[in-house]
Amino acid sequence: MHNTYSYEGPMELGSVIAHQCGAVGLFSSKDNPDFIIYVSDIRKSSVGSYIQDPFLNEYRQNESAPSVLVQSGDITSELEAETDGTQLVVQLFCHTRVQEELLETGIQRPSELYADYLHIWSISGKDTVEGRKLIGREVLSELRRIMGVRTSLWGTLVGVRPTKLTHKLWDSLGDLEKVRQELESTHSISHVKWKLLEQVAVLERPYVAHVQQSPKEISLYSGIPFCETHCTYCSFPYGLIQNYGKVQDFVDVYHRDIEHMKRLVKTHSLEVQSLYMGGGTPTSLGDGDFHHIVHALGDVIPKGREFTVEAGRPDSLNANKVQSIVDAGVTRISLNPQTMQDDLLRIIGRGHSVAEFLSIYEYVESHTNCSINMDFIAGLPRQTVKNMEENVQYIEQLRPHNVTVHTLALKKGSPLYGSSFAKEIPSEDMVQTMLDETHEALLQLGYIPYYMYRQQYMVGQMENIGYTLPNYESIYNIQMIEERQSILSIGPGSVSKWIDGADFRQQKQYMPKDVDTYIQDIQRLLEKRDLLSNEHWRDS
């Protein structure tokens, strides 16, 4: 199984290449990878000849690597056609152990750069933003071809946020028909994916079009970095709360974080549009700690605004926590079964049964006025099309206000990766059938797609879609995906984003993922958040 690659070259192109490699299921690895992508930076000299950038010579300076032009004469003519500027020359190498598994390649000769590797493909392009994007699309197409990976319905569009690009093009082109033409011509996006993008973008537009006129309207994220069990598909670096010996220290520091955010909102006269309490699993906290934290968060957001609590594991929720949710002014709760078959729940490491989920769902529905979201995953090990049909039947029975349908992303840091169950993940065709049938069924039930995003290493390079009954869309989900509104965060592993300007530039602050580091460095972290906020809102 060929699934690793290594990249050597300019960082700007490296981030593009990482997305393309992820789209065909390749993980980055320096340890004897299956593929190596090596990039040289070549500039045209004043006398018309090409010279290699001395900085990039450092990559192979101890191995006496030959010039790329000497090794790959087929590139020279392409470079000669260029009149000026910097060129990037990309070479693709495969390890001899995977040679027989690949489809036919244009070049196959031993590499002079790497022992046990074959040089199998080359391309050159301009070292500009658009040039790097074009190189990336060509690399993706070649990897798909030689690995036998079918072309995605998304074409060469591999970004996490396709609707973000749609809104950007809508801003510049002024017309959705022109946006469609641009995406079809540049990325070869299919008609079915364009119709999905169009439907989501039209619903989102009122939420994202006015943000420049409301720079002090923000959203907040509060992350609790603990769970009670570890789902096998999850790669997030969260620990089990029962194994962490300093929960009280964490809770004390978390309250400092909330109080600081409260003062920051008041100092800058900010309007909090929505607040999302996620994780991890926030409801993994003990009853008392959860009560105090959710109430402290409730004091930061005006009553009646969208306030979501993610109770992703039904087994972590009880009557006391539900009452705390009601009293704190929470308006939306996420109950995430992932699937509604007990045997599959055990395989993926969930701590609840179908009966237990139905019981807590009924309790929340009867004891709160919250809108309810349910999450499902398509592509779980041993999952069938019939299983997804059963999930839709439960949706029809329960009628949650929101439904989010995820496509399984097999992540290297998850327990599922490399386990025997990874071999029992359904085929790409079966997962596509699950998603297509679920999509049509939800539309028939009156649900509307209202936000979407994609991830690397998804089965079939598909997508996650959030559906809503009319007028119940989550504002936070839209603002988080589209990145046009500043979102400030509380807690370990969270990210604050200050958004500015017509091009929605971002200034970010990353909170440490490690809980001990978060506790130790809280004063410095809060001072930095103050500094960045003062800079951002100093003229307003």
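On a predicted model such as this, the values are computed, not experimentally measured, just so you know.

### A closer look at the pattern of salt bridges
And then number 1: A full pass over the atoms with the stated rule returns 24 salt bridges.
And then number 2: Lys195 is the salt-bridge partner of Glu198, the closest N and O atoms lying 2.8 Å from each other. Taken together, the residues Glu198 and Lys195, both in helix H8 (residues 191-208) and three residues apart, mark about one turn of the helix.
And then number 3: Notably, a salt bridge pairs Arg505 with Asp500, separated by 3.5 Å at the nearest N-O pair.
And then number 4: Looking at Arg505, the relative accessible area reads 46%, which means it is partly exposed.
And then number 5: Exposure remark for Asp500: the relative accessible area of 40% places this residue in the partly exposed category.
And then number 6: Members of the salt-bridge network, linked through shared partners, are Arg161, Lys164, Glu483 and Lys497.

### Focus on helix H9 (residues 247-267)
And then number 1: If you check H9, its first and last C-alpha atoms are 30 Å apart, about what 21 residues at 1.5 Å a residue would give, namely 30 Å.
And then number 2: When H9 is considered as a whole, its buried residues turn out to be Val247, Phe250, Val251, Val253, Tyr254, Asp257, Ile258, His260, Met261, Leu264 and Val265.

### A few points about the environment of Ile348
And then number 1: Relative to the helices and strands, Ile348 resides in the loop between helix H12 (342-347) and helix H13 (354-367).
And then number 2: Sequence-wise, Ile348 and His230 are 118 residues apart; in three dimensions their C-alpha atoms are separated by 8.7 Å.
And then number 3: Contact partners of Ile348, with chain neighbours within four places excluded, come to His230, Cys231, Thr232, Tyr233, Gln338, Leu380 and Pro381.

### Focus: the nonpolar core
And then number 1: Counting 103 residues, the largest nonpolar core has Phe250, Ile293, Leu317, Ile333, Leu335 and Tyr518 as the members making the most contacts within it.
And then number 2: Looking at which element gives the most residues to this core, the answer is H9, with nine residues.

### Let's talk about the packing of aromatic side chains
And then number 1: The final tally for this structure, using the stated rule, is 14 aromatic pairs.
And then number 2: Centroid distance Tyr276 to Tyr476: 5.1 Å. Interplanar angle 25 degrees. Geometry classified as stacked. Here Tyr476 lies in helix H16 (residues 475-482) and Tyr276 lies in strand S11 (residues 271-279), a separation of 200 residues in the sequence. Taken individually, Tyr276 and Tyr476 each receive the classification buried, so the pair is uniform in this respect.
And then number 3: Note that Arg205 overlies the ring of Trp170, its terminal NZ or CZ placed 4.3 Å from the centroid.

### A look at the packing of helix H11 (residues 319-327) against H13
And then number 1: Two elements in contact, H11 and H13, have axes separated by 11 Å at closest approach and are oriented at 35 degrees. Where H11 crosses over H13, the handedness of that crossing is right-handed. Each of Ala319, Val322 and Val326 in H11 lies in contact with H13, whose residues at this interface are Tyr363, Val364 and His367.
And then number 2: Taken together, the residues of the contact of H11 with H13 sort by class into five nonpolar, one polar and no charged.

### So, the environment of Ile475
And then number 1: Position of Ile475 among the secondary structure elements: in helix H16.
And then number 2: Between the C-alpha atoms of Ile475 and His292, which are 183 residues apart in sequence, the distance is 25 Å.
And then number 3: Contacts of Ile475, omitting those with residues within four sequence positions, involve Tyr207, Gln273, Ser274 and Glu306.

### Description of the packing of helix H6 (residues 162-173) against helix H7 (residues 176-187)
And then number 1: At a minimum axis distance of 9 Å, the contact between H6 and H7 shows a crossing angle of 120 degrees. Here H7 runs oblique to H6, going by the angle between their axes. As for how H6 packs across H7, the hand of that crossing is right-handed. Between H6, through Leu165, Thr166, Leu169, Trp170 and Leu173, and H7, the contact on the second element is made entirely by Leu176, Lys178, Val179, Glu182, Leu183 and His187.
And then number 2: In terms of residue class, the contact of H6 with H7 is made up of seven nonpolar, two polar and two charged.

### Quick look at helix H18 (residues 522-536)
And then number 1: The end-to-end C-alpha distance of H18, which contains 15 residues, comes to 21 Å, matching closely the 21 Å that a straight helix rising 1.5 Å per residue would cover.
And then number 2: Every buried residue belonging to H18 is among Ile522, Leu525, Leu526, Arg529, Leu532 and Ser533, and all of these are buried. Taken down its axis, H18 places every buried residue within 125 degrees of arc, on the same side.
And then number 3: Residues of H18 that are buried sit in contact with H9, strand S18 (487-490), strand S19 (495-500), strand S20 (505-510) and helix H17 (515-520).

Rules of the game
- Numbering of residues begins from 1 in every chain and follows the order in which that chain's sequence is written.
- Note on the predicted model: pLDDT of at least 70 is required for a residue's local features to be given, and 80 or more for side-chain atom pairs to be given and counted; whole-chain, interface and lining totals, by contrast, use all residues.
- Think of the side-chain values as coming from all heavy atoms in the structure, minus any hydrogens and water.
- For this document, the term salt bridge refers to a Lys or Arg side-chain nitrogen within 4 Å of an Asp or Glu carboxyl oxygen.
- Working definition: helices are DSSP H or I runs of at least four residues, strands are E runs of at least two. Numbering for both runs from the N terminus.
- Under the scheme applied here, a residue whose accessible area is under 20% of the maximum for its type counts as buried, over 50% as exposed, and between as partly exposed, the area being computed with a 1.4 Å probe on protein chains only.
- To estimate the expected span of a helix, count its residues, drop one, and scale the result by 1.5 Å.
- It only takes one pair of heavy atoms within 4.5 Å for two residues to be counted as in contact.
- For our purposes a nonpolar core is just a set of buried Ala, Val, Leu, Ile, Met, Phe, Trp, Tyr and Cys residues, chained together by side-chain atoms within 4.5 Å.
- Stacked, tilted and edge-to-face are the three classes assigned to paired rings of Phe, Tyr and Trp, where Trp is represented by its six-membered ring and a pair needs centres within 6.5 Å; plane angles under 30 degrees give stacked, over 60 edge-to-face, the rest tilted.
- Only lysine NZ and arginine CZ atoms are considered, and such an atom sits over a ring when it is within 6 Å of the ring centre and within 35 degrees of the ring normal.
- Lines are fitted to the C-alpha atoms to define the axes, a helix being fitted only along its stretch in contact, and any angle between axes, read from their N-to-C directions, falls within 0 to 180 degrees.
- When the near helix sits turned anticlockwise from the far one by under a right angle, the crossing is termed left-handed; a clockwise turn instead gives a right-handed crossing.
- Only Asp, Glu, Lys and Arg are considered charged in this grouping, and only Ala, Val, Leu, Ile, Met, Phe, Trp, Tyr, Cys and Pro are considered nonpolar; every other residue, Gly among them, is considered polar.
- Oblique is the label for every angle not falling under 35 degrees (roughly parallel), over 145 degrees (roughly antiparallel), or within 65 to 115 degrees (roughly perpendicular).
- Within this analysis, the arc is defined by the directions that extend from the helix axis to the C-beta atoms.

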